[in-house]
Amino acid sequence: MALEADQGGADVFVHISAVERAGLTGLDDNQAISYEVETGRNGRSSAIDLKLI
């Protein structure tokens, strides 16, 4: 799954475990959330600390 930034830019990968840690069961299309971007050991960026807006 990928998140699309409001101001444009690259999409950010979000793992289901980040969604579950936020207490969510899933994300809906066009759902507004805030998140932090973390770069993993493999160099890929992913969303963490998801919060509904």
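About the criteria used
Residues numbered from 1 in each chain as written. Predicted model: local features only at pLDDT ≥ 70, side-chain atom pairs only at ≥ 80, totals over all residues. Heavy atoms only, no water. Pairing = 2+ DSSP bridges. Helix = DSSP H or I, 4+ residues; strand = E, 2+ residues; numbered from the N terminus. Phe/Tyr/Trp six-rings, centres within 6.5 Å; stacked < 30°, edge-to-face > 60°. Lys NZ or Arg CZ within 6 Å of the ring centre and 35° of its normal. Contact = heavy atoms within 4.5 Å. Polar contact = N/O pair within 3.5 Å; in protein donor to acceptor, adjacent residues only side chain to side chain. pLDDT = per-residue confidence, 0-100. Core = buried A, V, L, I, M, F, W, Y, C linked by side-chain atoms within 4.5 Å. Buried < 20%, exposed > 50% of the residue type's maximum accessible area, 1.4 Å probe, protein only.

A.B. asks: Even after reading the chapter, I still don't get the pairing of strand β4 (residues 45-52), so can you show me in this structure?
C.D. replies: Working note: regular strand, side chains alternate between the two faces of the sheet. Bridging between strand β3 (residues 33-39) and β4 involves 6 bridges; their strand directions are antiparallel. What sits directly across from V37, in β4, is A47. The hairpin formed by β3 and β4 contains 5 residues between the paired strands, and G43 there has a positive phi angle of roughly 90°.

A.B. asks: Is there a simple way to think about the packing of aromatic side chains in this case?
C.D. replies: Scanning the model with the defined rule gives 0 aromatic pairs in all. Above the ring of F13, the side-chain terminus of R44 is found at 5.3 Å from the ring centroid.

A.B. asks: Would you mind showing me how to read the environment of Q31 here?
C.D. replies: With respect to the helices, strands and loops of the structure, Q31 is situated in the loop between α1 (16-21) and β3. Taking the C-alpha atoms as reference points, Q31 and I53, 22 residues apart in sequence, are found 8.5 Å from one another. Apart from residues no more than four positions distant in its own chain, Q31 is found in contact with G26 and L52. A polar contact of 2.9 Å, which involves the side chain of Q31, links it to the backbone nitrogen of D28.

A.B. asks: Sorry if this is basic, but what is going on with the confidence of the model for the chain here?
C.D. replies: Of the residues in the chain, 87% reach a pLDDT of 70 or more, and the chain-wide mean stands at 87. The element-level mean pLDDT for the chain is lowest in strand β1 (residues 2-3), coming to 69, with α1 highest at 95.

A.B. asks: Explanation requested: the nonpolar core in the structure shown.
C.D. replies: Most often, soluble globular proteins have nonpolar side chains that are buried together. Residues L3, V12, V14, A18, V19, L24, I33, A47 and L50 constitute the largest nonpolar core, which totals 9 residues. Looking at this core, the elements that each hand over two or more residues are α1 and β4. Aside from chain neighbours lying at most four places away, what touches L24 is V19 and L52.

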